[in-house]
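Close look at the chain arrangement
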Amino acid sequence: MPDLIDVHHVAKLASLTLSDAEAARFEGELRKIVAFVAQLDELDTTGVPPTAHVQLDRLPVRNDEVKPGLSHDEALAQAPSVDGDGFAVPTFVESAQ
Amino acid sequence: MADSVVAIAERVRRGEVTAEQVTTEALGRIAAKDGALHAFLHVAHDAALEQARVVDAKRARGETLGPMAGVPVAVKDAICTRGIRSTAGSKILGSYVPPYDAAVIERLRAADAVVVGKTNMDEFAMGSSTENSAFGPTRNPWDTTRTPGGSSGGSAAAVAARLAPCALGSDTGGSIRQPASLTGTVGIKPTYGRVSRYGLIAFASSLDQIGPVATDVRGAARLLSVIAGHDGRDSTSLDVPAGDWETACGRNVKGLRVGVPEEYFAEGLDPEVAASARAAIAALEREGCVVRSVTLPHTRYAVATYYVLATAEASSNLARFDGVRYGLRVDPRHELRAMYGATRDAGFGAEVKRRILLGTFVLSAGYYDAYYLKAQKVRTLVRRDFEAVFRDVDVLCSPASPTPAFRLGEKVDDPLSMYLSDIYTLPASLAGVPAMSVPCTPTRSGLPVGLQIVARPLDEATMLAVAAACEAAFPCASPP
């Protein structure tokens, strides 16, 4: 179990901006929850397959066919910002680091 | 019962009352009583009356009406309704109006039901009290200083107060069963894959399931039979037909084997809740059920397993809320990454952030195997517990919640203690098996208590037969 959870790093991975007060509070709470979760280590799971989904063996597959969906106007109707016929986003420049 | 789902539908079908009259009465009750409860986030006044008139016009043309003819249905706000605001209890979707209906809403309309409004919930279904709603909590109609449970607390409170005879909720770790237990209503989490989630705003996709809340077992069975069935738009939807669950409600339970898991009657269980659940099990025994003690040895690991898996899935599902295609946008610096962060900071409440952070952490490099993969393996052990026990018994009976309704504010500052209030409902969620809560004897102070009944995958019929037998011994009451 980690001694310290780097909340700022995790928040960055999750695209969440946190105030310093929030970060301090979440760090303490997450440590408590992670310490609670560590009880799973008591169990020997050697050779136990993971469950990602409970009924994968009985799921039907459908044909890969194009079907009508939302119209262009309907898809854009709830957007905070639209430019021409697309979603508008602010400028972005990825730094090289 | 005069105000039950089945009674209303049959009266509307026979023309003894119009759908419009039923709807007008329901809207009147909501207007009169919901100020004190806050079960609803939006009342779909005009849309409901319009839908009711469509139903009445259909009858006037001589067409046969569907099984939900004119029945008012309250719908959890995580379920998309075309043209009716759907917020999932979050500021980030505060003004979102879906351009399409969820599959369950299409099915309700096809069955001639009337959607009267959208109900309050913990933000993105993350919580057990509705106190995590961005729009303020719902109050329990039995005692307005107490929570109705959650996350489908608005749906449960609306049904308990008879603002509607039935509602839709969603259950990821107990979010239908726990509020049903705390409000004295019937709530069903169907088998994983029974009901299409197309149009359900996702929380944890390997667990989420939509289900009914109703004033009685038969009404819940009818609503379930309307919403269940295969849908190609949800890749987890099973291709199995709905059962005749109303008939199952009348089935004799003599000879059915009822398992009582000893781990569910352990430390932390309120003694009055324990006594009430035991009395309900004794009543089933008098009806001819064969009761035996069983063990589900990995029960104590379910809470930890659930909070790793559900938060991991939530952190991925909620990545879609980025201020680009719909929902809130906060853009202080006119720069993309800052816009994502500011939007999500302003749009999500504390519990949602906490779970996104935990989920991101357990999936992050260096911790994935230790937490996420480990929890997936323990989930297999929890499933095997159920597989083993269902070789010997037909259903499991236990309390649905370790306590009756707790006070608003009582657990809100202690996330871990709130998580533990789902201790009896989480294992069935992890196993994907059907489970429900049905009212049994209330506490001495008059608070409702629910008996949880769990059955084999796809065996909702046996579960409902047992629930109906319990209901016959302890009929649902409505709050004073």
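Residues numbered from 1 in each chain as written. Chains lettered and ligands numbered in written order. Predicted model: local features only at pLDDT ≥ 70, side-chain atom pairs only at ≥ 80, totals over all residues.

Quick look at the overall build of chain A
Along its length, chain A carries three helices and two strands. In terms of principal-axis extent, the alpha carbons of chain A reach across some 55 × 45 × 30 Å. The 97 residues of chain A split such that 15% are buried. (Helix = DSSP H or I, 4+ residues; strand = E, 2+ residues; numbered from the N terminus. Buried ≥ 20, exposed ≤ 12 C-beta atoms within 10 Å, placed from the backbone.)

Overview of the overall build of chain B
Secondary structure summary: chain B contains 16 helices and 11 strands in total. Counting only C-alpha atoms and orienting by the principal axes, one finds that chain B spans roughly 65 × 55 × 45 Å. When burial is assessed residue by residue, chain B has 64% of its 480 residues classed as buried. The long-range fraction of contacts in chain B, counting pairs at least 24 apart against all pairs at least 6 apart in sequence, stands at 76%. (Contact = placed C-beta atoms within 7 Å.)

Topic: helix α10 (residues 302-317) of chain B
In a regular helix each residue adds 1.5 Å, so 16 residues correspond to 22 Å; α10 of chain B covers 22 Å between its end C-alpha atoms and thus fits that length. Of all 16 residues in α10 of chain B, 14 are buried; the element is thus mostly enclosed. (Expected span 1.5 Å × (residues − 1).)

Things to note about the interface of chain A and chain B
Listed per partner, the contact involves 45 residues of chain A and 57 residues of chain B. Taken together, the elements giving at least two residues each to the side of chain A that touches chain B come down to α1 (7-13) and α2 (20-37) of chain A. By residue number, the principal contributor to the side of chain A that touches chain B is α2 of chain A, which donates seven residues. Grouping the amino acids of the side of chain A that touches chain B by side-chain chemistry returns 30 nonpolar, 10 polar and five charged. (Nonpolar A, V, L, I, M, F, W, Y, C, P; charged D, E, K, R; others polar.)

Points about the nonpolar core
Residue and element names in this part refer to chain B. Judged by nonpolar contacts, the single largest core of 166 residues is most densely connected at V73, V116, V395, I453, V466 and A467. Examining the composition of this core, we find that 10 residues originate from one element, α10, more than from any other. Excluding residues that lie within four positions of it along the chain, V116 makes contacts with T23, A26, L27, I30, V43, A44, A48, P72, V73, A74 and A164. In this structure, W142, L182, A405 and F406 belong to the second largest nonpolar core, which totals five residues. (Core = buried A, V, L, I, M, F, W, Y, C linked by C-beta atoms within 7 Å.)

Some remarks on the packing of α2 of chain A against α10 of chain B
At a minimum axis separation of 9 Å, α2 of chain A and α10 of chain B run at an interaxial angle of 125 degrees. Viewed along their axes, α2 of chain A and α10 of chain B adopt a mutual orientation that is oblique. As for the relative orientation of α2 of chain A and α10 of chain B, their crossing is left-handed in sense. Taken together, the residues of α10 of chain B that come into contact with α2 of chain A (itself represented by I33, F36 and V37 of chain A) are A304, Y307 and V308 of chain B. Per-class residue counts for the contact of α2 of chain A with α10 of chain B are six nonpolar, no polar and no charged. (Axes fitted to C-alpha atoms, helices over the stretch in contact; angles between N-to-C directions. Parallel < 35°, antiparallel > 145°, perpendicular 65-115°, else oblique. Left-handed = near helix turned anticlockwise from the far one by under 90°.)

Remarks on the environment of L70 of chain A
Within the fold, L70 of chain A resides in the loop between α2 and α3 (72-76). Here L70 of chain A is in contact with A75 of chain A together with P99 and Y100 of chain B, once residues within four sequence places are set aside.

Comments concerning unusual backbone geometry
All names here are of chain B. Residue G150 is joined to S151 through a cis peptide bond whose omega torsion reads 10 degrees. Following the sequence through the fold, S151 ends up in the loop between β3 (114-119) and α5 (153-160). With phi around 70 degrees, D112 is a residue other than glycine that occupies positive phi space. Within the element layout of this structure, D112 appears in the loop between α4 (103-110) and β3. For D112, a count of 27 C-beta atoms within 10 Å translates into the label buried.

Structural notes on the sheet that holds strand β10 (residues 435-439) of chain B
All names here are of chain B. Spatially, 11 strands are ordered β1-β3-β2-β4-β6-β5-β10-β11-β9-β7-β8 in an open sheet, and the strand pairing comes out mixed. Every interior strand has two partners, whereas the edge strands, β1 (40-43) and β8 (290-294), have only one. On average, each strand axis in the sheet is inclined to that of its neighbour by 25 degrees, with strand direction left out of account. In this sheet, strand β6 (residues 209-214) lies alongside strand β5 (residues 186-189) in antiparallel orientation, the contact comprising two bridges. Looking across to β6, one finds that V186 is bridged to A214. Across the sheet, helix α16 (residues 460-473) lies against β5, β9 (395-399), β10 and β11 (450-455), angled at about 155 degrees from β11, the strand it touches most. (Pairing = 2+ DSSP bridges.)

Digging into the pairing of β8 of chain B
Residues and elements named next belong to chain B. In this sheet, β8 lies alongside strand β7 (residues 257-261) in parallel orientation, the contact comprising five bridges. By the bridge assignment, V258 is partnered in β8 with V291. Crossover connection from β7 via helix α9 (residues 271-286) to parallel β8: handedness right-handed. (Right-handed = clockwise from strand over helix to strand, strands pointing away.)

Considering helix α1 (residues 5-14) of chain B
All names here are of chain B. Burial in α1 covers these residues: V5, V6, I8, A9 and V12. Viewed along the axis of α1, the buried residues span an arc of 165 degrees, placing them on a single side of the element. The inward-facing, buried residues of α1 contact α2 (19-37), β4 (166-171), β6 and α7 (217-227). Downstream of α1 by a residue or two, G15 has a phi angle that is positive, lying close to 80 degrees. (Arc of directions from axis to C-beta.)

Looking at the confidence of the model for chain B
Per-chain confidence: chain B averages 96 in pLDDT, with 99% of residues scoring 70 or above. Model confidence for the complex: the whole-complex pTM is 0.97, and ipTM, which rates the interface, is 0.93. (pLDDT = per-residue confidence, 0-100.)

Some details on the environment of P98 of chain B
All names here are of chain B. Relative to the helices and strands, P98 resides in the loop between β2 (72-76) and α4. On the basis of neighbour count, P98 is assigned to the buried category, with 21 C-beta atoms found within 10 Å. Spatially, the C-alpha atom of P98 lies 23 Å from that of R53, the residues being 45 residues apart in sequence. Dropping the residues within four chain positions of it, P98 is found in contact with C80, T81, R82 and S86.

Re the environment of V6 of chain B
Residue and element names in this part refer to chain B. Locating V6 in the fold gives a position in helix α1. Between the C-alpha atoms of V6 and V291, which are 285 residues apart in sequence, the distance is 31 Å. Those residues in contact with V6 that lie beyond four places of it in its chain are R218, G219 and R222.

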